[in-house]
Amino acid sequence: MAKERALVLGGGGPVGIAWEAGLAAGLHEGGVDVTRADFILGTSAGSFVGAQLAGRRDPASLAAHRSRWGARKRRKRGIRIDRSRGHPTSRRC
């Protein structure tokens, strides 16, 4: 059987994980099932997301989990996201 689809994910630390998880969820919502790729390759943050997707984890639940994790990290560090100006900006509390 020939391999037809590959998913290649790059690095980026915690931001890369969140971005790639969100991208996977968006593609899944749009009808592209990234968990069905014939070959998944990832570097650094991409290896984490790729492993989750290869294990057939739902992309939406992965993105939601990463979002909650990021919010906890910001609270722990005393960082508040201000969205009142139409775009998110962060500042120390």
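Refer to the preceding data block for the structure.
Keep in mind the model is a prediction, meaning the values are calculated, not measured.

### Let's talk about helix H2 (residues 45-54)
At step 1: Those residues of H2 not exposed but buried are Ala 45, Gly 46, Val 49, Gly 50 and Leu 53. Considered in projection along H2, the buried side chains sweep an arc of 125° and stay on one side of the axis.
At step 2: Arg 56 sits one or two residues past H2 and shows a positive phi near 65°.

### Here we look at unusual backbone geometry
At step 1: One non-glycine residue, Ser 44, lies in positive phi territory at about 55°.
At step 2: With a phi angle near 65°, Arg 56 is a residue other than glycine that sits in the positive phi range.
At step 3: Summarising the element assignment, Arg 56 is placed in the loop between H2 and helix H3 (59-77).
At step 4: With a relative accessible area of 48%, Arg 56 lands in the partly exposed category.

### Some details on helix H1 (residues 13-29)
At step 1: Compared with the 24 Å implied by 1.5 Å per residue over 17 residues, the 24 Å span of H1 between its first and last C-alpha is a close match.
At step 2: Among all positions of H1, only Gly 16, Ile 17, Glu 20, Ala 21, Ala 24 and Ala 25 are buried. Buried residues along H1 cover an arc of 160° about the axis, so they all sit on one side. Opposite the buried face of H1, at more than 90 degrees from it, the exposed residues are Val 15, Trp 19 and Glu 29.
At step 3: Once H1 finishes, Gly 31 follows within two positions and takes phi at roughly 105°, a positive value.

### Considerations on empty space enclosed by the protein
At step 1: One pass over the structure, following the stated rule, counts one cavity of 30 Å³ or more.
At step 2: For the largest cavity, the calculated volume is near 30 Å³.
At step 3: Residue lining of the largest cavity: Leu 7, Leu 9, Glu 20, Leu 23, Ala 24, Leu 27 and Val 34, and that is the complete set.
At step 4: Elements with a contribution of two residues or more to the lining of the largest cavity: strand E1 (6-9) and H1.
At step 5: Tallying contributions element by element places H1 first for the lining of the largest cavity, with four residues.
At step 6: Class assignment for the residues of the lining of the largest cavity results in six nonpolar, no polar and one charged.

### Considering the pairing of strand E2 (residues 39-42)
At step 1: One ladder, built from four bridges, connects E1 with E2; its direction is parallel. Across the sheet, Leu 7 pairs through a bridge with Ile 40, a residue of E2.
At step 2: In this region the chain leaves E1, passes through H1 and returns to the parallel neighbour E2; the handedness of that crossover is right-handed.

Rules used throughout
Residues numbered from 1 in each chain as written. Predicted model: local features only at pLDDT ≥ 70, side-chain atom pairs only at ≥ 80, totals over all residues. Heavy atoms only, no water. Buried < 20%, exposed > 50% of the residue type's maximum accessible area, 1.4 Å probe, protein only. Helix = DSSP H or I, 4+ residues; strand = E, 2+ residues; numbered from the N terminus. Arc of directions from axis to C-beta. Expected span 1.5 Å × (residues − 1). 1 Å grid on protein atoms, 1.4 Å probe; cavity = no way out; pocket = protein on both sides within 12 Å on 5 of 7 lines; lining within 4 Å. Points joined across faces, edges and corners; volume = space filled by probe spheres on them. Nonpolar A, V, L, I, M, F, W, Y, C, P; charged D, E, K, R; others polar. Pairing = 2+ DSSP bridges. Right-handed = clockwise from strand over helix to strand, strands pointing away.

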